[in-house]
Amino acid sequence: MAVFIRLASRLLIVWLFFTHQVDAASYKRRPESTAVLSGQVVNLRCAFNGLSSGDTVVWQGPPNDVIISTGHTVFQSYRQRHRIVGDSSNGEYNLQISRLKLEDSGKYKCSTASVPTAEEAVLTVVVPMAGPPEILGAELPLTSGHELLLRCRSRGGHPPPRLVWYNGTREFGSTNSPGDTDDGQQSLELFSPRVSKWDNGANFTCMADQGFPQLVKPTGSSRILRVNYPPIVSVPSPSVHVREGQTVNLTCYVDANPRATVKWRRLGDILPTKSRQIEKTLNLQQVSRQDRGVYQCEARNRILPDGIGTVTLEVFYPPSITSTLDEKVTVLHTKNDFSLGCLAEGNPKPHIRWRRKGTNLYWDNPLRFHRVRYDVEGTYECVATSDGFPQATRDVFVDVVGKPQMKDGPSLVSIGDGDTARFFCDVMADPAPSDVTWIWRKTNGVENVMVTTYNGISINKKQTNEGTSSILTVDHAHTDDEGVYICKASNMFGKAQREIRLMVKGTQTSIAIIISVSMVMVVLAVVSVVVLFIAKRKEWICRRKRHETPSLTPSKPVPPLPKYARKPGHGTNDSGVEDLELQELDGTLKPRPPPRMGKDWTAIGLSYPRLAHSHSNTLPPYSTVERHRPEGEDIREEDSSREGSTDGTTVMVQVEQPPPPPRDKKRRWNRRAGDRTHRNQHEAENVMNETQAESL
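Criteria and thresholds
Residues numbered from 1 in each chain as written. Predicted model: local features only at pLDDT ≥ 70, side-chain atom pairs only at ≥ 80, totals over all residues. Heavy atoms only, no water. Helix = DSSP H or I, 4+ residues; strand = E, 2+ residues; numbered from the N terminus. Buried < 20%, exposed > 50% of the residue type's maximum accessible area, 1.4 Å probe, protein only. Areas by Shrake-Rupley, 256 points an atom, 1.4 Å probe, with all protein chains shown as cover. Phe/Tyr/Trp six-rings, centres within 6.5 Å; stacked < 30°, edge-to-face > 60°. Pairing = 2+ DSSP bridges. Axes fitted to C-alpha atoms, helices over the stretch in contact; angles between N-to-C directions. Core = buried A, V, L, I, M, F, W, Y, C linked by side-chain atoms within 4.5 Å. Contact = heavy atoms within 4.5 Å. Disulfide = S-S within 2.5 Å. pLDDT = per-residue confidence, 0-100.

**Things to note about the overall build of the protein**
The helix and strand tally for the protein stands at four helices and 47 strands. Across the 696 residues of the protein, 35% fall into the buried class. Approximately 42,000 Å² of the protein is accessible, and the part contributed by carbon and sulfur atoms is 52%.

**A closer look at the packing of aromatic side chains**
Taken as a whole, this structure holds seven aromatic pairs when the rule is applied. With a centroid separation of 6.1 Å and 10° between ring planes, the pair formed by Phe338 and Phe369 is classed as stacked. One end of the pair, Phe338, is in strand S30 (residues 338-340); the other, Phe369, is in strand S34 (residues 367-369), and 31 residues separate them in sequence. Of the two residues, Phe338 and Phe369, both sit in the buried class. On the basis of an interplanar angle of 70° and a centroid distance of 5.7 Å, the ring pair of Phe369 and Tyr380 is categorised as edge-to-face. Taken together, the positions of Phe369 in strand S34 and Tyr380 in strand S35 (residues 378-385) put the pair eleven residues apart, joining distant regions of the chain. The exposure class assigned to Tyr380 is buried, which follows from its relative accessible area of 1%.

**Re the sheet that holds strand S44 (residues 483-491)**
Two pairing modes exist for strands in a sheet, parallel and antiparallel, and in both the strands are linked by backbone hydrogen bonds. In space, the five strands of this open sheet follow the order S37-S45-S44-S39-S40, with mixed pairing throughout. Strands with a single pairing partner mark the edges of an open sheet, and in this sheet they are strand S37 (412-415) and strand S40 (447-449). Strand-to-strand twist of the sheet, defined as the mean angle between neighbouring strand axes without regard to direction, takes the value 25°. Here strand S39 (residues 436-442) pairs with S40 via three bridges, running antiparallel. Residue pairing in the sheet places Ile439 in a bridge with Val449 of S40.

**What about the nonpolar core?**
Note that soluble globular proteins tend to have their nonpolar side chains buried in a common cluster. Core analysis: the largest hydrophobic core is formed by 23 residues, its most contacted members being Leu325, Leu340 and Trp354. Residues contacting Leu325, with those up to four places away along its chain left out, are Leu340, Gly341, Cys342, Trp354, Cys382, Arg394 and Val396. Counting 22 residues, the second-largest nonpolar core is a separate cluster that includes Tyr27, Phe48, Ile68 and Tyr93.

**Structural notes on the sheet that holds strand S26 (residues 281-284)**
Strand order across the open sheet formed by three strands is S22-S26-S25, with antiparallel pairing between neighbours. With partners counted over all chains shown, the strands left at the sheet margins are strand S22 (248-251) and strand S25 (275-278), one partner each. When strand polarity is set aside, the average angle formed by the axes of neighbouring strands in this sheet is 20°. In this structure, S25 lies alongside S26, joined through four bridges in antiparallel fashion. The residue of S26 that forms the bridge with Ser275 is Leu284.

**As for unusual backbone geometry**
Residues Pro62 and Pro63 are joined by a peptide bond in cis, for which omega reads 0°. Tracing the backbone through its elements, the reader meets Pro63 in the loop between strand S5 (57-61) and strand S6 (66-70). The residue after Asn365, namely Pro366, is reached through a cis peptide bond having omega 0°. A positive phi angle, near 65°, is found at Asn64, a position not held by glycine. Looking at the secondary structure, you find Asn64 in the loop between S5 and S6. Unusually for a residue other than glycine, Glu279 sits at a positive phi of about 55°.

**Points about the environment of Leu163**
Its place among the elements puts Leu163 in strand S15 (residues 162-167). For the pair formed by Leu163 and Pro133, sequence separation is 30 residues and the distance between their alpha carbons is 8.6 Å.

**Quick look at the pairing of S26**
Sheet analysis places S22 next to S26, joined by four bridges and oriented antiparallel. Pairing of Val248 across the sheet is with Leu284, part of S26. Taking the residues between adjacent antiparallel strands as the criterion, S25 and S26 are bridged by two residues, where Glu279 takes a positive phi near 55°.

**What to know about the state of the cysteines**
Under the counting rule described, the total for this entry stands at five disulfides. With a sulfur-sulfur separation of 1.7 Å, Cys152 is cross-linked through a disulfide to Cys206. Disulfide Cys152 to Cys206: torsion about the S-S bond roughly -80°, handedness left-handed. Note that Cys152 is positioned in strand S14 (residues 148-155) and Cys206 in strand S18 (residues 203-209), a separation of 54 residues in sequence. One disulfide bridge connects Cys252 with Cys297, the sulfur atoms lying 2.0 Å from each other. In this pair, Cys252 sits in the loop between S22 and strand S23 (253-257) while Cys297 sits in strand S27 (residues 293-300), placing the two residues 45 residues apart along the sequence.

**Observations regarding the confidence of the model for the protein**
Per-residue confidence for the protein gives a mean pLDDT of 78, with 71% of residues at or over 70. Throughout residues 16-22 the model reports pLDDT below 50, and contacts reaching past four residues in sequence, or to other chains, amount to ten contacts. The model gives residues 544-556 a pLDDT under 50, and that stretch makes eleven contacts with residues more than four places away or in other chains.

**Overview of the environment of Leu325**
Along the chain, Leu325 falls in the loop between strand S28 (307-321) and strand S29 (328-332). In this structure, the C-alpha to C-alpha distance between Leu325 and Leu343, residues 18 residues apart in sequence, is 7.7 Å.

Structural data, given as structure tokens:
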């Protein structure tokens, strides 16, 4: 039947279209989609412009898109709740539906044959839910670590609501594709594999929304989650510091569900007698150093594990030196090391040092001596210091015992003849020596024991803070009193001695005079040599000699020939030993070598060539000597004109030039000064040659 009605409607539309006038109408108002609560009235508006008397307006709708009305005529099956309203002269053909039902929901079309395209409008009939959604799930409360499963189910309604889970205000999960259950209701599950203490008190809400809040407001249901969890203990400070004698409170905080019971205990020991617990706080009065340790706060609520919080109590107290340190320590005098330790306790840990009593000189602990001597003996203080407390001290007397030890002193006493000699001997020993003995070892090796009064000798002995002091006095000492004076001391541990030599100055007078005279003579000789050397360097002697002998005259005495130049039988020396003659060369005195008789007179180095050959008796004048010679050349000057001598012997003068200056002195040679030096040398040799020529 429905198929027949649908086919008849379509045929009617086609007939109306072909029988309509050629001029088409247009929409004045198109139908619009809307939502209306069930049981109410809705008007689906539709209007056209330009409708002719032959145009027919047709409404189609659910179910199955059938024709509801043509023009103002509504089909029989729809006449109870459907009708066409509006001013038809204005082209209004509004479909009014009263007492809406759920089956009225669907698509509606308003069309006419002259309008090629029909507009659709969707009518949604909203049926509110019977109530808010219900939450089904596990029994509450849960235990920490267990899983959580909650189910939310809607209660009817059209369109079907969208379900959403919220944890507080945060969306937790939703039904993106809603589906019906067996009874046509929506459902949504909330699952958590493990709940914790942080889930306790969580507000899980299931919201149902049909999508038309202006008609039906969203509704929801909530469930507050209750989770039981074991105690969790926290302490405000894991370490508490307090001074001895003060009061302190140890507190812990406990988080547990259900509420836990709290109990304090002390690890490894019982609680102090002056302690009491007030709920979660442990009160300790007049704390002592024995109360320090580790305290625990233990909480239980039948859910494992139990909660434990730990507090370490530190008690500060002043330093104190242990009684194991003796007031007196006896040490044997030795070259070995010795150490003395000091123990002290306190909190904070004390810093231990040693000092000698009455001084500010400190040593580290333990007190160490590299060698134990008598000057080590004395009172020492062990000093223990801690921040915030006064220092603690304890005195220890170090008593050094052993064989005698004598203080160092001069080993020689020198006095004048007739003066008083005093010998000091300071002995340190413990026990003290019974006596200090003096022995005199004379210069001949004989030893005599000195007595208190003996031939102007006195011995004074006294006790000092450091030991025994003995003074030996020799009045009016003479040379006979010289020798070695020996101081001896002994006790039960051993003996010691010290030797002092006495020297009387009168026995050394002659030696001192001889030494003084010798030193004066040496000084005079040195001064003479220095003066002569300076005179030679300054050419004082040569200049004076040159002026005194301007020419050779027979009236002047003729100097004797050198010994090596004399023939046998001449002079006083016939031994044949050749003496050396001094010559001045470049400002220094050096021996002149003897002539080599077998050489030609023109050979280099001959000072008196006439002894070798007989030639002209003339000497080369001074003017023939080259005054300036180029550097690096070897020039020998020989004058062709020779003057005759008394024996007809010709003398050749050969000039030796001084060596050039070394190049590493950067040529600081003064050529003018060098020329003057050469000139003086030539003049001196000319004078000597002339003098010897006269003698010949």
